[in-house]
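Residue-level structural notes
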Amino acid sequence: MDIKEKILVVEDEKSIQSFICTILTANGYDVISASSGSEAYSMITSHCPDLVILDLGLPDIDGLDILRAMRQWTLMPVIVVSARSYERDKVTALDIGADDYITKPFGASELLARIRTAIRHTRTSTNAAVGQSGKFTTGGLTIDYAKRRVYVDGEDVRLTQNEYKLVSLLGMYAGKVLTYDSILKELWGPGSREDNQILRVNMANIRRKIEKNPAEPQYIFTEVGVGYRMAEGD
Ligand code: CA
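Let's talk about the nonpolar core
Counting 31 residues, the largest nonpolar core has L170, I183, I220 and M230 as its most contacted members. If you list the elements that add at least two residues to this core, you get β7 (141-144), β8 (149-152), α6 (161-172), α7 (180-188), α8 (196-210) and β12 (227-230). For M230, the contacting residues outside a window of four places in its chain are F136, T138, L141, I143, V167, L170, G171, A174, G175, K176, Y219 and I220. By size, the runner-up hydrophobic cluster in this structure holds 24 residues, among which are A40, I44, L67 and A93.

Have a look at this one:
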């Protein structure tokens, strides 16, 4: 199953928005776009993209305020784009938690390189076990973050997009308990109407695919009333 990374492009200048969207689509990304801050924020929470390209100069809300609001609940990678060349904005954006910064005008190859780095960094920085290989392994289970696939004893287990997101998130925090709420927020956004039931359904399906005996899991454990924990990496 080929799962494309979803990128949200937040840019009010139509010509620049279409320039970025064309480049990203041509390079295999799943692209969505927003032209205002309020539209952007609702798309971030409803779509939970893999990365956000965020213009700072928007008509309604300052891009920095959107970034501040996002960092209350997610580490989703954000690349800030601005025509402003002021050093202060750049530092502020990075201090608030932007992953990178790109100044207009920029070329396609520069943009693509920034995106690849931001996505790779987010996937590998949260867990030393993932390391430079871009893979997480515990026993017979391997998560290949670059290919977005999960293998058990060398076999591709063919997860759905939601199942993959859940397994990959737990893998990034392997050894730590993630609460149901933090998982729901991370995968579906704050104020999502999803409840724990969607996690239970997905987890039941995941376990049928990855565990030898789903009733006695060896990879992903349930912490009753709290959340889930991935076994520590090798
Ligand atoms: Ca603008």
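Points about the sheet that holds β12
The sheet built from three strands is open, its strands ordered β10-β12-β11 with antiparallel pairing. In the strand order of this sheet, the two ends are held by β10 (177-179) and β11 (220-223), each with one partner. Sheet twist, expressed as the average angle between the axes of neighbouring strands with direction ignored, equals 30°. As paired strands, β11 and β12 are joined by four bridges and run antiparallel to one another. In the strand pairing of β12, E223 is matched with G227. Along the sheet, α6 makes contact with β10, β11 and β12, crossing β12 at roughly 65°. Lying on the sheet, α8 is in contact with β11 and β12; it crosses β11 at an angle near 145°.

A few points about the packing of aromatic side chains
All chains considered together, the criterion is met by two aromatic pairs. Aromatic pair F19 and F106: ring centres 6.3 Å apart, planes at 50°, arrangement tilted. Residue F19 is found in helix α1 (residues 14-26), and its partner F106 is found in the loop between β5 (100-103) and α5 (108-125); the two are separated by 87 residues along the sequence. Under the relative-accessibility criterion, F19 is labelled partly exposed at 36%. The exposure class assigned to F106 is buried, which follows from its relative accessible area of 11%. Summarising the aromatic geometry, the rings of Y180 and Y228 are spaced 5.4 Å apart at their centres and angled 85° between planes, so their arrangement reads as edge-to-face. Taken as a pair, Y180 in helix α7 and Y228 in strand β12 lie far apart in primary sequence, 48 residues in all. A relative accessible area of 3% places Y228 in the buried class.

A word on the pattern of salt bridges
Counted under the stated rule, the structure contains 12 salt bridges. If you follow the salt bridges from partner to partner, you end up with E11, E13, D55 and K104 in one network.

What counts, and where the lines are drawn
Residues numbered from 1 in each chain as written. Predicted model: local features only at pLDDT ≥ 70, side-chain atom pairs only at ≥ 80, totals over all residues. Heavy atoms only, no water. Core = buried A, V, L, I, M, F, W, Y, C linked by side-chain atoms within 4.5 Å. Buried < 20%, exposed > 50% of the residue type's maximum accessible area, 1.4 Å probe, protein only. Helix = DSSP H or I, 4+ residues; strand = E, 2+ residues; numbered from the N terminus. Contact = heavy atoms within 4.5 Å. Pairing = 2+ DSSP bridges. Axes fitted to C-alpha atoms, helices over the stretch in contact; angles between N-to-C directions. Phe/Tyr/Trp six-rings, centres within 6.5 Å; stacked < 30°, edge-to-face > 60°. Salt bridge = Lys/Arg side-chain N within 4 Å of Asp/Glu carboxyl O.

Functional significance is not addressed by these values, which are geometric in nature.
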